[in-house]
Amino acid sequence: MSDEQTAAAGTGPSPLTLLGAAEIRRLAAELDLRPTKTLGQNFVHDANTVRRIADAAGIGPGDHVLEVGPGLGSLTLALLERAGRVTAVEIDPRLAGLLPRTVAEHAPDRAADLTVIEADALRVARADIDGEPVALVANLPYNVAVPVLLHLLAELPSLRTVLVMVQAEVADRLAAPPGSRTYGAPSAKAAWYGRTKRAGAVGRSVFWPVPGVDSALVSLHRHDVPMGGERAAVFAVIDGAFAQRRKTLRSALSGWAGSAPRAEAVLRTAGVDPSLRGEMLDIGAFVAIAAAADEVPGDADPADDPAGSAG
Ligand code: SAM
């Protein structure tokens, strides 16, 4: 429903209103809030931007949405305009405390569909959330964006789609294909969960305070058929391969495999050229390497080696 339609409804449902710049300042002043960089507190004060994010997320009335870092509630209201339910996880107690009142004032008919959890999103567990959110939509705190994203994808298998605003470089990294300059561990790990895509840039002027970096949207659609492999095992290979980015896989994975010769044997078993660098491998190759490690015996302990002990 458009704003005009909502207003025209008159005696019908109470209109949902979004937050503008003046309202953001008023709420911040009420809390005597000094936004901190540590918590990545840059609040969106532009209704078009939050509507654009909610639209890009493709959410509808049947959806339970998880938001991380609702802040003063700009995006929360745009999510409530479309979704069936929103669970919002906010670390700052002042912001978590104020949000239900803001939603009661701006979206009185939807206040019952909001649950606020005051917590660090990096520590949120499945049991902390009532129900099974299907979408993560958030303007993420920038310094913990990737760990928060990966933690929630691991913890909440119900999440099918993600649409998050992050620092532009992080969006590039998450969506980078193998072989590109920005492809790295975050890209490969995100690709294990689903298909990632850059979903547009966001200007600095829509935030208060104005951030020192550019922002962008990135989407992820979880694979219908999981990539396979055990997550911890696959991610250990990815971490090993990218810890020394400029080295060949044979050398970079020697610590992970126990030795360079075993790394080479595992790579050959997986059908991967040991002279390549990690940045050339797609997620399927990392899964294959993790699986091949189970087939290649570990190097014998020198103490068990009769020749070694004789020498
Ligand atoms: N969603 C709001 C908006 O778009 O205006 C605020 C976004 S602001 C970039 C990030 C928010 O995340 C802040 O409200 C901050 O307090 C919160 N935050 C920071 N670290 C967090 C964490 N580890 N867990 C949950 N919330 C966090």
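Thresholds applied
Residues numbered from 1 in each chain as written. Predicted model: local features only at pLDDT ≥ 70, side-chain atom pairs only at ≥ 80, totals over all residues. Heavy atoms only, no water. Salt bridge = Lys/Arg side-chain N within 4 Å of Asp/Glu carboxyl O. Buried < 20%, exposed > 50% of the residue type's maximum accessible area, 1.4 Å probe, protein only. UniProt positions renumbered as here; feature names shortened; annotations may be inferred. 1 Å grid on protein atoms, 1.4 Å probe; cavity = no way out; pocket = protein on both sides within 12 Å on 5 of 7 lines; lining within 4 Å. Helix = DSSP H or I, 4+ residues; strand = E, 2+ residues; numbered from the N terminus. Contact = heavy atoms within 4.5 Å. Polar contact = N/O pair within 3.5 Å; in protein donor to acceptor, adjacent residues only side chain to side chain. Pairing = 2+ DSSP bridges. Axes fitted to C-alpha atoms, helices over the stretch in contact; angles between N-to-C directions.

(A) Inspection of the pattern of salt bridges at higher detail. Scanning the entire structure with this criterion turns up 20 salt bridges. The salt bridge partner of aspartate 32 is arginine 34, with a shortest N-O separation of 2.7 Å. Residue arginine 82 pairs with glutamate 81 through a salt bridge whose shortest N-O separation is 3.0 Å. Judged by relative accessible area, glutamate 81 falls into the partly exposed class, the value being 25%. In this structure, a network of salt bridges that share partners links the residues Glu23, Arg26, Glu30, Arg101 and Glu105.

(B) Broad picture of the UniProt feature "binding site: S-adenosyl-L-methionine" (unreviewed entry) in the protein. As recorded in UniProt, the sites labelled "binding site: S-adenosyl-L-methionine" (unreviewed entry) are Asn42, Val44, Gly69, Glu90, Asp120 and Asn139. The subset of these annotated residues that lines the largest pocket comprises Asn42, Val44, Gly69, Glu90, Asp120 and Asn139. Of note, asparagine 42 is situated in the loop between helix 2 (21–31) and strand 1 (43–44). The exposure class assigned to asparagine 42 is partly exposed, which follows from its relative accessible area of 21%. If near-sequence neighbours (up to four positions away) are discounted, asparagine 42 is found in contact with Asn139, Phe207, Trp208, Pro209, Val210 and Pro211. Considering the arrangement of structural elements, one finds glutamate 90 in strand 3 (residues 85–90). Excluding residues that lie within four positions of it along the chain, glutamate 90 makes contacts with Gly69, Pro70, Gly71, Leu95, Ala96, Ile117, Glu118 and Ala119. A polar contact is formed between the side chain of glutamate 90 and the backbone nitrogen of glycine 71, at a distance of 3.0 Å.

(C) Molecular detail of the sheet that holds strand 6 (residues 161–167). Overall, mixed pairing links the 7 strands, which are arranged 4-3-2-5-6-9-7 in an open sheet. Looking along the sheet, the strands with just one partner apiece sit at the ends: strand 4 (114–118) and strand 7 (194–202). Pairs of neighbouring strands in the sheet enclose a mean axial angle of 20°, with direction left out of account. Inspection of the sheet shows strand 7 paired to strand 9 (residues 215–222) by 7 bridges, in the antiparallel sense. By the bridge assignment for strand 9, arginine 198 is matched with valine 218. Sheet strands touched by helix 5 (residues 93–106): strand 3 and strand 4. Its angle to strand 4, the strand with the most contacts, is close to 170°. Sheet contacts for helix 8 (residues 185–193): strand 7 and strand 9; angle to strand 7, the most-contacted strand, approximately 120°.

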